[in-house]
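Structural description and commentary
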Amino acid sequence: MPIKNLFRYWTFQVFSPGTVLREKYESFKALLEYDKVAHELMADLEDIYHTQKKCDFQAVVKTYDQFSAAVLQMVEELLKMCPSNYWSLKAYYKKFDFYIRFMLAPPEFDFSPPFIIEFDKISSAKKTVVGKKAFNLSHVCTKLHLPSPDGFVITTNAFHFFLEANDLRDAINEKLARLEISDATSLEQTAFEIEQLILNGHVPEDIEIALTSAIKQLEKKHNRALRVALRSSAAKEDGEASFAGQYQTLLNVKMENILAGYKHIIAGKYSAQALFYRISRGILDSETPMAVLVLEMIDSKSSGVMYSRDIGNQNPRNLLIHSVWGQGELLVEGKVSPDVIRVSKKSPATIISIQPAAKLKQMVLGPDQTRIIDTDPHQINSLSLDESSALILAGWGVCLETHFNEPQDIEWCQDKSGTLFILQSRPLNLNPAEISPPEKTAHLPGIKIANKIICSGGEQVCQGTATGPVYILEQLSQIPHIPEGSVLVVRHALPQFVMAIDKITGIIIGSGSRASHFSSIAREFGIPAIVNLKNGFTDLVQGDWVTVDAVQGLVYQGRVESLLEKTTPKEDFFCDSSFMVKLRYVLNFCAKLKLTNPAAKSFVPESCRSLHDIIRFTHETAMKEMFFMGNRKGSRKKGAKQLISDIPMLFYLLDVDSGIKDVPKTKNQKDAKFLTPENIASIPMNALFKGLANPKICWSETTHFDWEEYDRIVMAGGIISADSPMFGSYAVLSKEYLNVNFRFGYHFVIIDTICSSSKEDNYILFRFSGGGGTPLGRSLRANFIKQILTRLGFMVEIKLDLVDGKFTHRSLETTKKTLDLLGRLLGATKLMDMYLKKNMEVDVLVDDFMKGRYDFRSAVDKELET
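Residues numbered from 1 in each chain as written. Predicted model: local features only at pLDDT ≥ 70, side-chain atom pairs only at ≥ 80, totals over all residues. Heavy atoms only, no water.

When its secondary structure is counted, the chain shows 25 helices and 30 strands. Burial analysis of the chain (866 residues in total) assigns 58% to the buried set. Here the contacts in the chain between residues at least 6 apart in sequence split such that 68% fall between residues at least 24 apart. For the chain, the exposed area adds up to about 36,600 Å²; of that, 52% sits on carbon and sulfur atoms. (Helix = DSSP H or I, 4+ residues; strand = E, 2+ residues; numbered from the N terminus. Buried < 20%, exposed > 50% of the residue type's maximum accessible area, 1.4 Å probe, protein only. Contact = heavy atoms within 4.5 Å. Areas by Shrake-Rupley, 256 points an atom, 1.4 Å probe, with all protein chains shown as cover.)

Turning to the sheet that holds strand β6 (residues 300-307), a few remarks are in order. Ordered in space as β9-β8-β7-β6-β12-β13, the 6 strands form an open sheet in which the pairing is antiparallel. Both edges of this open sheet fall to β9 (350-355) and β13 (420-427), since each of them pairs with a single strand only. Strand after strand, the sheet turns through a mean of 20° between neighbouring axes, direction not considered. The strands touched by helix α14 (residues 387-404) within the sheet are β6, β7 (318-325), β8 (339-344), β9, β12 (408-415) and β13, with β13 carrying the most contacts at an inclination of about 35°. (Pairing = 2+ DSSP bridges. Axes fitted to C-alpha atoms, helices over the stretch in contact; angles between N-to-C directions.)

Look at helix α4 (residues 88-104) against helix α18 (residues 578-590): their axes get within 10 Å of each other, and the N-to-C directions meet at 170°. Classified by the angle their axes make, α4 and α18 are roughly antiparallel. Residue-level contacts link F96, Y99, I100, M103 and L104 of α4 to K582, Y585, V586, F589 and C590 of α18. (Parallel < 35°, antiparallel > 145°, perpendicular 65-115°, else oblique.)

With that settled, consider helix α12 (residues 272-280). Since there are 3.6 residues in each turn of an α-helix, residues three or four apart along the chain are aligned in direction. Here α12 lies mainly inside the structure; 9 of its 9 residues are buried. Along α12, the residues that are buried comprise A272, Q273, A274, L275, F276, Y277, R278, I279 and S280. Residues of α12 that are buried make contact with α8 (169-178), α9 (184-199) and α16 (517-525). In the segment just after α12, G282 is the residue with positive phi, at about 75°.

With 75 residues, the main nonpolar core has F152, I154 and I258 as its most contacted residues. Tallying contributions element by element places α12 first for this core, with 6 residues. Look past the residues within four positions of I154 in its chain and what remains in contact with it is F115, I116, L211, Y262, A291, V292 and V294. Counting 64 residues, the second-largest nonpolar core is a separate cluster that includes V586, I615, Y730 and I754. (Core = buried A, V, L, I, M, F, W, Y, C linked by side-chain atoms within 4.5 Å.)

Time to look at a negative patch on the surface. The grouping of E240, E406, E571, D572 and D576 at the surface amounts to a negative patch. Here D572 lies in the loop between α17 (561-564) and α18. (Patch = residues over 30% accessible without salt bridge, like charges linked within 9 Å, V, L, I, M, F, W, Y side chains within 5 Å. Salt bridge = Lys/Arg side-chain N within 4 Å of Asp/Glu carboxyl O. Lys, Arg positive; Asp, Glu negative; His and termini not counted. Charge placed at Lys NZ, Arg CZ, Asp CG, Glu CD.)

It is worth spelling out the packing of aromatic side chains at this point. In the structure shown here, the tally under the stated rule is 22 aromatic pairs. Ring geometry for Y86 versus F617: centroids 5.5 Å apart, planes at 75°, classification edge-to-face. Here Y86, found in the loop between α3 (57-81) and α4, pairs with F617, found in helix α19 (residues 611-627); they are 531 residues apart in sequence, far enough to count as distant. Comparing Y86 with F617, the two get one shared label, buried. Arranged with centres 5.8 Å apart and planes meeting at 85°, the rings of F497 and F518 form a pair that is edge-to-face. Residue F497 is located in the loop between β17 (486-490) and β18 (504-509), and its partner F518 is located in helix α16; the two are separated by 21 residues in the primary sequence. (Phe/Tyr/Trp six-rings, centres within 6.5 Å; stacked < 30°, edge-to-face > 60°.)

Right, let's talk about the sheet that holds strand β5 (residues 290-296) for a bit. Taking strand neighbours across the sheet as the criterion, the 5 strands line up as β1-β2-β5-β3-β4 in an open arrangement whose pairing is antiparallel. Whereas interior strands pair on both sides, the edge strands pair on one side only; in this sheet they are β1 (116-118) and β4 (249-254). Looking at each pair of strands side by side, their axes are set apart by 25° on average, direction ignored. Two elements, strand β3 (residues 227-234) and β4, share 4 bridges in a ladder whose sense is antiparallel. From the neighbouring strand, R231 faces β4, where its bridge partner is T249. Against the sheet, helix α6 (residues 132-142) engages β2 (151-154), β3 and β5, with an angle of about 120° to β3.

The next subject is α8. Those residues of α8 that fall on the buried side of the exposure criterion are R169, I172, N173, K175, L176 and A177. If you follow the buried residues of α8, they end up packed against α3, α7 (156-165), α9 and α12.

Bringing unusual backbone geometry into the picture now. Note that the residue after P113, namely P114, is joined by a cis bond; omega there is 10°. Backbone geometry places Y86, a non-glycine residue, at a positive phi of 65°. Phi is positive for N223, which is not a glycine, with a value near 55°. In this structure N223 comes out as exposed when scored by relative accessible area, which is 70%.

A few words now on the packing of α8 against α9. α9 packs onto α8 with a crossing angle of 175° between their chain directions and a minimal axis gap of 10 Å. Here α8 is positioned roughly antiparallel relative to α9, judged by the angle of their axes. Residues A171, I172, K175, L176 and R178 of α8 form the contact with α9, whose participating residues are S186, T190, E193, I194 and L197. Its residues assigned to classes, the contact of α8 with α9 comprises 5 nonpolar, 2 polar and 3 charged. (Nonpolar A, V, L, I, M, F, W, Y, C, P; charged D, E, K, R; others polar.)

Geometric values such as these leave the question of function open.
Here it is in structure tokens:
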């Protein structure tokens, strides 16, 4: 059972208080439970933001739904405790909840016609309706009058209508909310389940009628039966995010199979690789509705990819044409090496160089589907594109780059009659490091590289330098097992390798093309990569450390520091993505805390500016209502009493069932409000307090830390007045039960426990969160606490500075001993986050604690002296 659920279960097993307190105490217990849940969910949201965790935005939506519900329940329970006050708190909750849900809500989905738009009308439609791929291709034809296949687009409106008609949106969102893209099983299973939902859905009749009509018109226009290609045209595709090769394409589709093919294309929006790519870029699912481009199938003699900028030497005056026999799929999938023609873009265009390749395979159209065949021997090394056609293509490349005002990645084909067609034009999406011509690092004067060259003769796919251990990948199933920081070695670069993009520092590709889809992905993410090595590829050994110089096309043995000094960091797409922008807004109204001083006059519902403020106000007010109701004028109810001890801490106790011994009555009424440790009858409270009072714990100031200044900041401006009861710690106790809320400066501790003669009933639940130190200091302290709890036999979960632990089914003596040690732990770590440093060995401190050391100031002083 997860720890948070265990908290939820056990906190309602508290022994019942007396009749007078029962109703209020039940609401108080429930409020504390919701408070725990709210803080955990808020930590989840903050964890996603601060660690830039890669998840679908639906995870944020679901977490917020649960967080919001917990906050509302806190407010409801407070209103039950004091029905005559604080009703404005609910209005402020509704206000902040509205702001947040407005940001979380997806855009309105248009699922009304048109479901089909003819090719010559696409350029006048909205890009969000037809997708950028279809929009750009239509521009190529209607604005620039360049030849492209005829066809039509099935709009994103149809996609939205399909999901609505099959009631799939909520089911998809629920699966996306649970998705862990770093877990291969979760990724594959989620992708499969969503794809099956779509494939099992029915195409609405209105879409089917519009599609059938468009097919008949297209065939009538060409006066023959046609085969078509179905291509994805998602709203964000072919823009700043290329989605190169991540979505599905179907070739040579018969007209009667278009409906089934349509479902396969839109289902491909949720393939494992497409999900990984989209989420890694911080793009929301709602931002990528899928349109489908239906194009007349061209029976190609040759096909390829043209880059309107020479990525080999970054010369903007040249362009590159890559060409293979037959259909172009083997080229873009990285399975065949192309002929490469370098052309000068000056007028008139001239061919600078031709580099033929051995094209052993080709894809051709069959009677029912495409098939891969061996290339005729006399064609293997012959040029697949004649020079005059190359010059025509070069002219078109210049035209497209000028029209779209940026370098273009252009797919083209040539039919059996020699006619050329443009199939796609999208931004080349060079990483910033690719824009300026690189320095030839290895040739700089004065730099000598002693490391042995393992591989040479590679072509640059993406410039830069990378280092790491070699990981040779033979099968796609190995992707989850690639170690972090590896240099990936593959024979061919497949689009699915995007699922390893966060793990690899560089990539070495045996054969293929700089024009493959994965090559585009590598450049987009700034992963140094080389392809088509002439020497040494088979000499690479699994696990050996290498350095890849993608500028020179070399691989060195070991780590070459002189090359790595000029390494350009990867571009961080995620930081300013739609995902992070929305989450940043959400956290502004969720997690920011302005109500810090319960003693201030401004500590009222009207001063709340976030849900965190509401949590803080509700919790503090509930504490006041529960623990100090006996202090009210005219109140006859039994209230909390202050514990007086040698520990410098305000401590208030509320007895619900024989947790405090009968105290003799005195004439002084003030004496009745105070207790000493000798008055405590609660078994768990005595055990915990024994640990806190251990003589080895130092409660005085340290030599190196200015406690006086810290106290001044904390007491005056940070939290609350030092002599305020609201600065205290609180315990609800009985003979065998204890629920205690500790406050030490900026951090909070909750312990919930039962100590009885029944081993099965005994448990300790522990929560630690917050702190006044740096994020690093809080993290180091949390790790220290986690290790101690683990050694004590707790099951532990940790998230940033929040630590949860559970300890169950132990004997009475073992449980008491563990509570004693927890008290010592709290005393030893009370402000540890203020002085722990990065280079300190936390493991050594853990060993020292387990040996009986509870004061670590000397260790810190020693570190500072060092």
